[in-house]
Amino acid sequence: MTHRLSQILALLTFCLLFLGGLVTSTGSGLAVPDWPLSYGTLFPPMVGGVRFEHTHRVVASLVGLLSLILVATVGFEKRGKPVRWLVISSFGLVVLQGILGGLTVLHKLPAPISIFHACLGPIFFCSVVALAEVTSPEFGRVAEKGGVGADLMSHRQPLIAILATCFVFVQILLGALVRHTGERIWFHVGGAVIAFILITVWVSRTLGASESKSVARPALFLGLLVVVEFFLGIGAFAFKRLEGAPETGLARILFPTFHQTVGALLLALCVLVILRSKNFVGPRLR
Amino acid sequence: MKRFKVPSLGFFAILGLFLSPWIFTHNAGAVAGGPLTGKVIFEGTAPPPQILKVEADPVCLLQHQDGMTSEEVVVNPNGTLKNVFVYVKQGLEGQTFPAPATPVVFDQKGCHYEPHVFGIQVGQPLEILNSDDTLHNVHALPKASQEFNLGMPIKGMKLTKAFTAPEVAVKIKCEVHPWMAAYAGVLDHPFYAVTGEDGSFSLKDLPPGEYVVEAWHEKYGTQTQTVKVPETSEISFTFKAS
Ligand code: HEM
Ligand code: HEM
Ligand SMILES: [Cu+2]
């Protein structure tokens, strides 16, 4: 039950990240001026910018509700401590995230709150993905064997795994800075080069030493997706930040939104590969 | 003591009577100043009209089946530029002009703002209407006054706001309908005008003095001129196509 629910929650959260990106990219964040209600009701007419902002709110409420249900089921199923902590922290994160979303509306999108909201979203997503992973039956079997992937403790891999993951997060933060202030894009581009190198090295080492598909698959996906992310970033830059870029058009909305969502997916994949790697944190989480 | 009271009252009454013409004319600022009138000319070829897509809201689409024309640049048939805010920028320092109690009416009608550009005094009420069968958020983005974002979900709804500091120009927009935009010139005096269909403006009852007059346009920026009133009574500004 906990596993199924957390899988559904992970999927729903992924959609929510995309919907949130649409809110920012379409500039609809203030189309609904009030919070927690929308124009004083639960369901305002879905027109213009309200379509984006209110859909984001409704799906966010579902995500919040599901997180709450998970708190109940995990208590019921008497899961181990790590799982209980993951559930509780996920719930805490989603509440905080919802409040930040409301606050940024009430204060008319001040950059610091919007950036905080943009960074916490992917962290919450990772927390839910980790939950779905450690509650899976397969993970149980794998953990008994001490993990299936490359041996993270040898080849000095913990360092590169953690560095790469941290750098993806730094990229999310620097990207949010660009997105909400329009400044310091070159920090973000520089960070992209470092993140790209770190991920490539980590992925190739993991693939070289991996004994099983369950770690090779997400690692490979991570390696491919970081390339895609690079091109999406160039697209976002070309259609939105370059001088003379058109003021309207679908490319201007979709490139940054996909870029932002794939950024969160990269972070979650990093977490997944770490969890499945041998002799590292994963096996201890049962 | 008591017997002095009646004559002294009479003295002040007579003094007031003599002074009253001076007080009144001084307050109205009408002493031989004058209107400063003129035109805002547009030079070059007018950019082609920009058609805004409004299908994001069915109510708006119903009223603008063939799209809506952008009001960003409107060149009049007589070669003048519409929606230019002309105002006294310098020369009135130290004088105070009480804010009129009559509100400026700002309407959301047919999914656009009426008027598109307007002047308003600091503290003067801004009466915001929603004449549409759809909802709007009205989001004003001043830097000197308090920013506000208000929801107006019901047709016929009316809200009143005011700006607290001068600023040219304050953008007002709607995030529900991203094509909606308007600009307010906020001043602490009444000497301003917005060009209309004939591109002319008139700053009435301007007291004698030397002034810096500015013409502001949302796309073409600002231009200034220094004038002496009443020596000069007519000026013109020219904006060039970019
Ligand atoms: C609970 C889970 C939530 C998640 C995971 C989430 C996620 C996101 C994400 C990823 C973005 C895009 C940020 C960016 O592109 O920079 C976003 C934007 C936004 N979210 Fe949320 N959100 C949540 C809840 C809420 C709630 C409850 C509100 C309430 C009003 C809200 C309001 C907004 C607004 C206004 C934006 C646009 C911010 C801007 O343009 O500056 N969010 N959200
Ligand atoms: C590993 C590589 C990269 C990662 C993980 C990454 C991640 C992100 C994320 C998550 C955001 C959105 C933040 C938010 O919505 O709050 C963002 C924004 C942005 N990124 Fe990247 N990025 C990478 C590479 C690049 C590259 C190579 C470019 C190329 C120029 C780029 C250009 C941009 C731009 C222009 C934005 C702002 C989009 C907007 O204004 O809406 N990124 N990045
Ligand atoms: Cu509107």
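Heads up: the structure comes first, above all this text.
Residues numbered from 1 in each chain as written. Chains lettered and ligands numbered in written order. Predicted model: local features only at pLDDT ≥ 70, side-chain atom pairs only at ≥ 80, totals over all residues. Heavy atoms only, no water.

A.B. asks: Describe the overall build of chain A, listing the residues and the values that go with them.
C.D. replies: Each helix and strand in chain A was counted, giving 9 helices and 0 strands. What you see for chain A is a C-alpha radius of gyration of 19 Å, in line with the 19 Å of a compact globule of 286 residues. For chain A, the C-alpha atoms occupy an extent of roughly 55 × 45 × 25 Å along the three principal directions. Burial analysis of chain A (286 residues in total) assigns 51% to the buried set. At a minimum sequence separation of 6, the contacts of chain A that also span at least 24 residues come to 76%. As presented, chain A carries roughly 13,500 Å² of accessible surface, and 73% of it is formed by carbon and sulfur atoms. Within chain A, the 12 negative side-chain charges are centred at a point lying 5 Å from the centre of the 23 positive side-chain charges. (Helix = DSSP H or I, 4+ residues; strand = E, 2+ residues; numbered from the N terminus. Rg over C-alpha atoms; globule rule 2.2 N^0.38 Å. Buried < 20%, exposed > 50% of the residue type's maximum accessible area, 1.4 Å probe, protein only. Contact = heavy atoms within 4.5 Å. Areas by Shrake-Rupley, 256 points an atom, 1.4 Å probe, with all protein chains shown as cover. Lys, Arg positive; Asp, Glu negative; His and termini not counted. Charge placed at Lys NZ, Arg CZ, Asp CG, Glu CD.)

A.B. asks: Describe in detail the environment of B:L159, supporting the description with residues and values.
C.D. replies: Residues and elements named next belong to chain B. Following the sequence through the fold, L159 ends up in strand β11 (residues 158-161). The class of L159 is partly exposed, set by a relative accessible area of 24%. Dropping the residues within four chain positions of it, L159 is found in contact with L126, E127, I128, L150, G151 and M152.

A.B. asks: Summarise the sheet that holds strand β1 (residues 34-43) of chain B; cite the residues concerned and give the values.
C.D. replies: Residues and elements named next belong to chain B. Read across the sheet, 3 strands follow the order β15-β1-β18 without closing on themselves; strand pairing throughout is mixed. Each edge of the open sheet carries a strand with a single partner, namely β15 (200-206) and β18 (234-240). Ignoring strand direction, the axes of neighbouring strands in this sheet form an average angle of 20°. As judged from the 5 bridges shared by β1 and β15, these two strands associate in the antiparallel manner. (Pairing = 2+ DSSP bridges. Axes fitted to C-alpha atoms, helices over the stretch in contact; angles between N-to-C directions.)

A.B. asks: Can you tell me about the sheet that holds strand β7 (residues 117-121) of chain B, naming the residues and giving the values?
C.D. replies: All names here are of chain B. The strand order across the open sheet built from 5 strands is β7-β13-β12-β9-β10, with neighbouring strands paired in mixed fashion. This sheet does not close on itself; its edge strands, each paired only once, are β7 and β10 (148-152). Neighbour to neighbour, the strand axes of the sheet diverge by 25° on average, direction disregarded. Where strand β9 (residues 136-140) meets β10, 5 bridges bridge the pair, whose relative direction is antiparallel. What sits directly across from V138, in β10, is L150.

A.B. asks: Could you give me a rundown of the side chain of B:D57, with the residues and numbers involved?
C.D. replies: Relative to the assigned elements, B:D57 resides in the loop between β2 (51-52) and α2 (58-63). One buried charged side chain, B:D57, makes no salt bridge at all; its nearest oppositely charged neighbour is A:R51, positioned 8.5 Å away. Here B:V59 takes part through its backbone nitrogen, which lies 2.9 Å from a polar atom of the side chain of B:D57. Only 2.7 Å separates the side chain of B:D57 from the side chain of B:T134, close enough to count as a polar contact. Those residues in contact with B:D57, other than ones at most four positions away along the chain, are A:V47, B:T134 and B:H177. (Salt bridge = Lys/Arg side-chain N within 4 Å of Asp/Glu carboxyl O. Polar contact = N/O pair within 3.5 Å; in protein donor to acceptor, adjacent residues only side chain to side chain.)

A.B. asks: Quick rundown of helix α7 (residues 185-209) of chain A? Include the residues and the values.
C.D. replies: The first and last C-alpha atoms of α7(A) sit 36 Å apart over 25 residues, in line with the 36 Å expected at 1.5 Å per residue. For α7(A), every residue scored as buried is listed here: A:I185, A:H188, A:G191, A:A192, A:A195, A:L198, A:I199, A:W202, A:V203 and A:T206. (Expected span 1.5 Å × (residues − 1).)

A.B. asks: Describe the coordination of the iron atom of ligand 2, naming the residues involved and giving the relevant values.
C.D. replies: Residue and element names in this part refer to chain A. For the iron atom of ligand 2, the full set of protein donor atoms is H188 (NE2) and H259 (NE2), at a range of 1.9 Å. For the iron atom of ligand 2, the 6 donor atoms are set out with angles of 86 to 180° between them, so the coordination reads as octahedral. In this pair, H188 sits in helix α7 while H259 sits in helix α9 (residues 250-276), placing the two residues 71 residues apart along the sequence. For the residue pair H188 and H259, the accessibility class agrees, reading buried in each case. (Donors = N, O, S within 2.8 Å, 3.2 Å for Na, K, Ca; no water. Tetrahedral: all angles 85-135°; square planar, octahedral: opposite > 155°, others 65-115°.)

A.B. asks: Quick one: what's the story with the environment of A:A268, residue by residue and with numbers?
C.D. replies: Residues and elements named next belong to chain A. Along the chain, the position of A268 falls in helix α9. Along the primary structure A268 and G40 are separated by 228 residues, whereas in three dimensions their C-alpha atoms are 36 Å apart. What A268 contacts, discounting residues up to four positions off in sequence, is F125, C126 and V129.

A.B. asks: Before we move on, could you go through the layout of surface pockets and cite the residues and values that matter?
C.D. replies: Residue and element names in this part refer to chain A. One number sums up the size of the second largest pocket: a volume of about 530 Å³. Lining the second largest pocket are 23 residues, and of these V129, A132, E133, L272 and R276 lie nearest its centre. Only α1 (2-26), α4 (111-134), α5 (137-144), α8 (213-241) and α9 provide two or more residues apiece to the lining of the second largest pocket. Counting contributing residues, the lining of the second largest pocket receives three or more from each of domain 1 (1-135) and domain 2 (148-286). (1 Å grid on protein atoms, 1.4 Å probe; cavity = no way out; pocket = protein on both sides within 12 Å on 5 of 7 lines; lining within 4 Å. Points joined across faces, edges and corners; volume = space filled by probe spheres on them. Domains from an automatic or database assignment.)

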